[in-house]
Amino acid sequence: MSGLARKLAAVGASAAMLATMAAGLLATPAAAASGSNQAGKAAASSLAKSRPAISVGKTSASPSHSDTCPTRVTFSSKIKVRTHGGKTTVAYRWLRGNGSKSSVKSFTVKGKGLKSFTVKESSTFKGGDVRGWEALQVLSPRKATSSKGYFKVSCGDDEWDGDKEVVNTGTVGAQAWVDEGNCEATLVGRITSSGPRWVRYQWVVNGHVVDRDSVHVDGSRRVYHVIRPHDDLRGWAVLQIIDPVETSSARAYFKIWCGDSSPAVSASVDAPADYQGDCPVTRSFTGTIKASYGRGTVKYRWIRNGVAGGWESVYFTGGGYQSRTVSDSWTASASGTSSRAIEIYGGSTSGTVQGRVTCKAAPEVKSWIENASASQVAGACPAASVTGTGSVYATGATTVKYVWTLNGNVVKSGDLDFASAGSKSVSFSSASDGTKSGTAKLAIVGAGSLPVSYDAVCPA
């Protein structure tokens, strides 16, 4: 945008405001296509939680009021960013009272914690009665908009555009110039009047009337018309006053370029190295999304084993060739392969890569009886009781079934659950005939048994 256009953009004009020239580089889709919507929602939720917090302070104008020309008004606002570490790109722009916006600017924040930055924009006014406002809008990593900073410049006749030819006839004059942008041109005109009155005017482009309207003018009034051709266009434009007098501005020449300026966006995926070892294991695929230039959001999704996931997005801040790195994990509980590709919304799909996992066979878990013992204790002879105690060892996580028998009869059985390698004790107690000796035996299913003897404790 030219310096003159920036001056115009700062003032609060009528509803027909200067058209915004800065536009996002890439289309943002309205909805996700088929695939894992749940995965997409979970990824979006995780992304939102990890993004830095943003706040903006009130925009101030300095000076907020001036009756001296030329006057340079500086707008400033403070951006506070609370980051979680690494690098954070902050993108912002200025909103103006006439409906126009500045180009998007950005800076990078490094480190972790709360950081504060002051950003500024200035406009110079050489004459006239001008009032308006500006506000700061942060676009990334989160959206936030400051309150408005108002200004007023009052310093006589509006003659700061003296480098443009003004044609006056009687008491009404017209002036025109052009601001060219992204496949469009904004015709900017100024109608002057020696007193309050309604003025009818029209815009003529390459000899054809393209717009007519009436405005109330008291001193000076700006009017606009935007040309949006579908193809390249060049030529001239004139602002003509129809009533109360007939007069015209000088010709303002333009050249609109509508070539395809969309950036080239592509994606590639790298697979993790083949893995052989213990399972389960988590492996990560790494994707790279590239843009040849420009600023905006790119939508993409992972294609997992041929199945499309939910749409996700990355943001490009402009400034030539850029790339963003994304990742997608795969948890394998058994030997096998998994494939990944990345699809760009409305664009191409990367090549498919494959990761491989070979799980080592889990070692066989063994168990055995470490020891066992039994003893008889007299009661009111000949009554007595026999107590047995034993220990079972396992080399890893497993369940061992055990059985205690007393003179061939089962007196206790059950399961021993091992979470890891180690020993567990098992015991029993049973009534017996104290006049007799006998045998107790501890057995574990599939791993043998260990008999132990005990003596009589009561007289025969």
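Parameters and conventions
- Residues numbered from 1 in each chain as written.
- Predicted model: local features only at pLDDT ≥ 70, side-chain atom pairs only at ≥ 80, totals over all residues.
- Heavy atoms only, no water.
- Phe/Tyr/Trp six-rings, centres within 6.5 Å; stacked < 30°, edge-to-face > 60°.
- Helix = DSSP H or I, 4+ residues; strand = E, 2+ residues; numbered from the N terminus.
- Buried < 20%, exposed > 50% of the residue type's maximum accessible area, 1.4 Å probe, protein only.
- Pairing = 2+ DSSP bridges.
- Axes fitted to C-alpha atoms, helices over the stretch in contact; angles between N-to-C directions.
- Lys, Arg positive; Asp, Glu negative; His and termini not counted.
- Salt bridge = Lys/Arg side-chain N within 4 Å of Asp/Glu carboxyl O.
- Polar contact = N/O pair within 3.5 Å; in protein donor to acceptor, adjacent residues only side chain to side chain.
- Contact = heavy atoms within 4.5 Å.

Draft legend 1. Molecular detail of the packing of aromatic side chains. For the structure on display, the rule yields seven aromatic pairs. Here the aromatic rings of Tyr 92 and Phe 107 are separated by 6.1 Å at their centres, their planes lie at 55°, and the arrangement is tilted. Highlighted residues: Tyr 92 in strand β4 (residues 71-96) and Phe 107 in strand β5 (residues 105-125), separated in sequence by 15 residues. Each member of the pair, Tyr 92 as well as Phe 107, carries the same accessibility label: buried. Here Phe 285 and Trp 330 contribute two aromatic rings whose centre-to-centre distance is 6.4 Å and whose plane-to-plane angle is 35°, an arrangement assigned as tilted. With Phe 285 in strand β20 (residues 281-291) and Trp 330 in strand β24 (residues 322-332), this residue pair connects regions lying 45 residues apart in the sequence.

Draft legend 2. Inspection of the sheet that holds β20 at higher detail. Read across the open sheet, the three strands follow the order β18-β20-β24; overall the sheet is antiparallel. Of all the strands in the sheet, the pair left with one neighbour each is β18 (265-270) and β24. Between one strand axis and the next, the sheet turns by 20° as a mean value, whatever way the strands run. Alignment of β18 against β20, held across six bridges, turns out to be antiparallel. Considered in β20, the bridge of Val 269 is made with Gly 287.

Draft legend 3. Geometry of the side chain of Arg 93. Structurally, Arg 93 is set in strand β4. This buried residue, Arg 93, is left without a salt bridge; Glu 121 holds the nearest opposite charge, at 11 Å. In terms of polar contacts, Arg 93 uses its side chain to reach the side chain of Gln 137, at 2.8 Å. Setting aside its immediate chain neighbours within four residues, Arg 93 contacts Lys 101, Ser 102, Ser 103, Val 104, Ala 135, Leu 136, Gln 137 and Leu 139.

Draft legend 4. Local environment of the pairing of strand β27 (residues 367-378). Across eleven bridges, β27 lies against strand β28 (residues 383-394) in antiparallel orientation. Paired with Ile 369 across the bridge in β28 is Val 392. Linking β27 back to β28 in an antiparallel pair, the connection comprises four residues.

Don't take any of this as a statement about function, it's just geometry.
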